[in-house]
Amino acid sequence: MKRMRNLAFAVAMGLSSFLLQSCPASSIITDCFGEGTISKSEYEDLNFIEKEAYERNSCGRYEPRSGWVSDLLDLF
């Protein structure tokens with residue numbers, strides 16, 4: 001019985017690498033700890049104009065905003 005359980009566990013671990021290839025684990029890591037993200041306390045220290053250049057991501061950190069607001073703020 002123990003052999004069967006170990007075999008099932010090994011098969012499940014082997015198949016998980018194929019089945020979970022599209023898992024967004026790497027995006028979670030880059031969103032939470034990626035380059036360019038700042039914490040809430042760092043965000044609160046920014047002035048009003050600088051705050052407009054950041055948006056909150058799914059991890060509760062702040063990342064640079066993309067779009068026309070970011071392009072406009074880059075001019076200054």
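All residue numbers here refer to positions counted from 1 along the written sequence of the relevant chain. Owing to the predicted nature of the model, reporting of local features is limited to residues with pLDDT of at least 70; listing and counting of side-chain atom pairs is limited to 80 or more, with chain, interface and lining totals taken over all residues. Side-chain metrics rest on all non-hydrogen atoms present in the structure, leaving aside hydrogens and water.

Novice: What is the right way to read the packing of aromatic side chains from this model?
Specialist: Aromatic ring pairs: the centre-centre distance and the angle between the two ring planes describe each pair. By convention, a stacked pair of Phe, Tyr or Trp rings (six-membered ring in the case of Trp) has centres within 6.5 Å and planes under 30 degrees apart, an edge-to-face pair has planes over 60 apart, and any other such pair is tilted. By the definition in use, this model includes one aromatic pair. Residues Y43 and Y62 carry aromatic rings whose centres are separated by 3.9 Å and whose planes lie at 0 degrees to one another, so their mutual orientation is stacked. Linking Y43 in helix α3 (residues 40-44) with Y62 in strand β2 (residues 62-64), this pair joins segments that are 19 residues apart in sequence. Assigned by exposure class, Y43 and Y62 land together as buried. Counted as over-ring charges are cases with an Arg CZ or a Lys NZ within 6 Å of the ring centre that also lie within 35 degrees of the ring normal. Here the guanidinium or amino end of K51 rests over the ring plane of Y43, the centre of that ring lying 5.5 Å away. Under the scheme used here, helices are H or I runs from DSSP no shorter than 4 residues and strands are E runs no shorter than 2 residues, and both carry numbers assigned from the N terminus. Buried residues are those whose accessible area, probed at 1.4 Å on protein chains only, stays under 20% of the maximum for their type, while exposed residues exceed 50% and partly exposed ones sit between those limits.

Novice: How should I be thinking about the environment of L46 in this particular structure?
Specialist: With respect to the helices and strands, L46 occurs in the loop between α3 and α4 (48-51). Contacts between residues were defined by any pair of non-hydrogen atoms, one from each residue, lying within 4.5 Å. Leaving out residues up to four positions away in the same chain, L46 has contacts with I38, K51 and Y54.

Novice: Is there a simple way to explain the confidence of the model for the protein chain in this structure?
Specialist: Should pLDDT be low for a region, the predicted coordinates there are not to be read in detail. The predictor attaches a confidence to each residue, called pLDDT, with possible values from 0 through 100. Across the protein chain, the average pLDDT comes to 74, with 62% of residues at 70 or higher. Across the protein chain, the element-wise mean pLDDT spans from 60 in helix α2 (residues 25-33) up to 91 in α3.

Novice: So what exactly am I meant to see when it comes to a nonpolar patch on the surface here?
Specialist: Together, M4, L7 and V11 make up a nonpolar patch on the protein surface, roughly 310 Å² of accessible area in all. Mapped onto the secondary structure, M4 falls in helix α1 (residues 2-19). Owing to a relative accessible area of 58%, M4 belongs among the exposed residues under this scheme. Surface patches are defined over residues having more than 30% relative accessible area and no salt bridge, joining like charges when they lie within 9 Å and nonpolar side chains (Val, Leu, Ile, Met, Phe, Trp, Tyr) when within 5 Å. Methods summary: accessible areas were calculated by the Shrake-Rupley approach with a probe of 1.4 Å, and residue burial reflects only the protein chains presented. Any carboxyl oxygen of Asp or Glu that lies within 4 Å of a side-chain nitrogen of Lys or Arg is treated as forming a salt bridge with it.

Novice: Where do I start with the environment of G34 in this structure?
Specialist: Position of G34 among the secondary structure elements: in the loop between α2 and α3. Along the backbone, G34 and E63 are 29 residues apart, and their C-alpha atoms lie at a distance of 8.9 Å.

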